[in-house]
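Coordinates in review
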Amino acid sequence: MSRLKTLSDEYQTLRSRLEQGGGAERIKRQHDQGKLTARERVAGLLDQDGPWVEIGLLVAWDQYDGQAPAAGVVTGLGRVGGRPVVVVANDATVKAGSWWPETIRKILRAQEIAMRQRIPIIYLVDSAGVNLPYQGGVFPGQYGAARIFYYNSIMRRYLKVPQIAAVMGPCIAGGAYLPALSDVIFMVEGTSFMGLGGPNLVKGATGQVVDAETLGGATTHTAVSAVAHYRAKDDKDCLARIREYVSRLPHAPPSRRTYPAPKRDTKALYELIPVDHRMSYDVRALLECLLDAGRLDEFQPDVAPEMICGHGAIEGRQVAVIANSRGVIKGKKKNEAPRIGGIIYTESAEKVAYFIENADRERVSLLFIQDVSGFMVGTEAEHTGIIRAGARFVEAMATATVPKLVLTVNHASGAGYYAMAGQGFDPDFIVSWPTGRMGVMEGESAIQAVYGADAAKPDNAAAVDAMRADYEHQLDAKFAGARGFVDAILTPDETRDTLAFLLEVSTEFTGPHLGAFALPGLS
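Just so it is clear, the structure is predicted and the values come from calculations on it, not from any experiment. (Residues numbered from 1 in each chain as written. Predicted model: local features only at pLDDT ≥ 70, side-chain atom pairs only at ≥ 80, totals over all residues. Heavy atoms only, no water.)

This model, assessed by the stated rule, comprises 32 salt bridges. The shortest N-O distance in the salt bridge between Asp126 and Lys35 comes to 3.0 Å. Taken together, the positions of Asp126 in strand E4 (residues 121–127) and Lys35 in the loop between helix H2 (24–32) and helix H3 (38–45) put the pair 91 residues apart, joining distant regions of the chain. Taking relative accessible area as the criterion, Lys35 reaches 7% and is therefore assigned buried. Close ionic contact of Asp465 with Arg468 constitutes a salt bridge, the shortest N to O distance being 3.0 Å. (Salt bridge = Lys/Arg side-chain N within 4 Å of Asp/Glu carboxyl O. Helix = DSSP H or I, 4+ residues; strand = E, 2+ residues; numbered from the N terminus. Buried < 20%, exposed > 50% of the residue type's maximum accessible area, 1.4 Å probe, protein only.)

Now the structure itself:
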């Protein structure tokens, strides 16, 4: 079995486990309360048989002794009435939907997607509030919980991004500002509560004795306080009414597209990536599995062939593709040293920078296929100006205002990872195959950098082995997913469809795609 197939199967098993949230017993408890689970709510909200791209499923999976699957919140992209939307749904089967530090990061990432793409965001709230033992990572700081409400406000006042909140369970303390700063609030009879303090806190603070329904239930907030706007009889009714509300929002229906199938079946991808991640493969074969008709109109194919640039389409949407070509590439001149694929040379950096600038002028989305080991080093590289050429590459990528999508298929190392639209440069979406390996360098290179010739000494054997094992752990794509360094891990089978939907989403907004969001001109 291929390495990619083995790792994909392992990931599928982990994904299935994480999708169970807090487990069967807590799911039953949710049902016994007359409530759907977070994932059942998402399924009931979105168009049947439509796309669903979950963002951050793996976040925190290897932390907190496994007690925080998906960090207690389901975030992702789908369609409601044919239009793309972002969904944030608290998973009450995980510590009553309370907020871990990573929960905040996931909610902020979901809000940033909505802001950048100018698409509606729907909050399905069912949370007991801050997970108090971890409040130090939730409450304070520039990117603490307050940032959620800052983004709420920016969306309302300046970006005009529709925000729909449904309180479908508890919504307590500061968390109540999330629906309050949304455009409309739905509440569910008998199961929802919204208040700055629950009955126990109210009794301790004021001496008042009051039940939850009277204090902050659906009837109270839709008929007495007027904080909420719509009252639903149960979860299903609530989701149906949200769908109806979204359908009323102005939106041009997507045009029907016809496009040819890829040249190769995506299942061929499983055999493409070699067992040894250091070995070469044909990246053009990969593109033949992703692009319409497998066609790439290559840009300067005879210049710096270690970097492939060209134009293609995915389900009828044009993309400017930049891909690292693995393998050994013969020199063009006699006695010229061969080039190593996956390494960025001065000539290739110049080529890609020019290609990116053209794509930006032409308003064509960029797709980076990452399998990069870094920039070339050594006397020749330095003398040909690799630093300046690399800076031009990075600047062209960083300042491009068109959508940027990233697929990591193997290595994502060194400054090459940065140049190929690494996460720090705010690509619209960054996804990885299970074979992705993100790090400063490979473990063997790190061992040589630290120990040099002493790596082979018996006295260093234990330390070298430990360092090698640590690097392998941190280079695992699941490690990156757990820390939110990638939005999602994809299997090869779902890659083309997912990229097509992400391209659709990222072209909803035709303005500049810079940073987490771009404010309209303010006078």
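Let's shift gears to the packing of aromatic side chains. A ring pair, where both rings are aromatic, is described by two values, the distance of the centres and the angle of the planes. This structure, assessed with the given rule, holds 14 aromatic pairs. When the centroid spacing of 4.8 Å and the interplanar angle of 20° are considered together, the rings of Phe186 and Tyr230 count as stacked. Note that Phe186 is positioned in strand E6 (residues 184–188) and Tyr230 in strand E8 (residues 230–232), a separation of 44 residues in sequence. The partly exposed category is assigned to Tyr230, whose relative accessible area is 26%. Here the aromatic cluster, defined as three or more aromatic residues joined through ring pairs, consists of Tyr64, Trp100 and Tyr134. Positioned over the ring face of Tyr270 is Lys5, at 5.6 Å from the centre of the ring. Arg339 extends its terminal NZ or CZ atom over the ring of Tyr345, reaching a point 4.9 Å from the ring centre. (Phe/Tyr/Trp six-rings, centres within 6.5 Å; stacked < 30°, edge-to-face > 60°. Lys NZ or Arg CZ within 6 Å of the ring centre and 35° of its normal.)

The next thing to look at is the packing of helix H16 (residues 443–451) against helix H17 (residues 461–475). As a packed pair, H16 and H17 sit with axes 9 Å apart at the nearest point and diverge in direction by 140°. Considering their axes alone, H16 and H17 lie oblique with respect to each other. Handedness of the crossing formed by H16 with H17: right-handed. Taken together, the residues of H17 that come into contact with H16 (itself represented by Gly443, Glu444, Ala446, Ile447, Val450 and Tyr451) are Ala463, Val464, Met467, Arg468, Tyr471 and Leu475. Taken together, the residues of the contact of H16 with H17 sort by class into 9 nonpolar, 1 polar and 2 charged. (Axes fitted to C-alpha atoms, helices over the stretch in contact; angles between N-to-C directions. Parallel < 35°, antiparallel > 145°, perpendicular 65-115°, else oblique. Left-handed = near helix turned anticlockwise from the far one by under 90°. Contact = heavy atoms within 4.5 Å. Nonpolar A, V, L, I, M, F, W, Y, C, P; charged D, E, K, R; others polar.)

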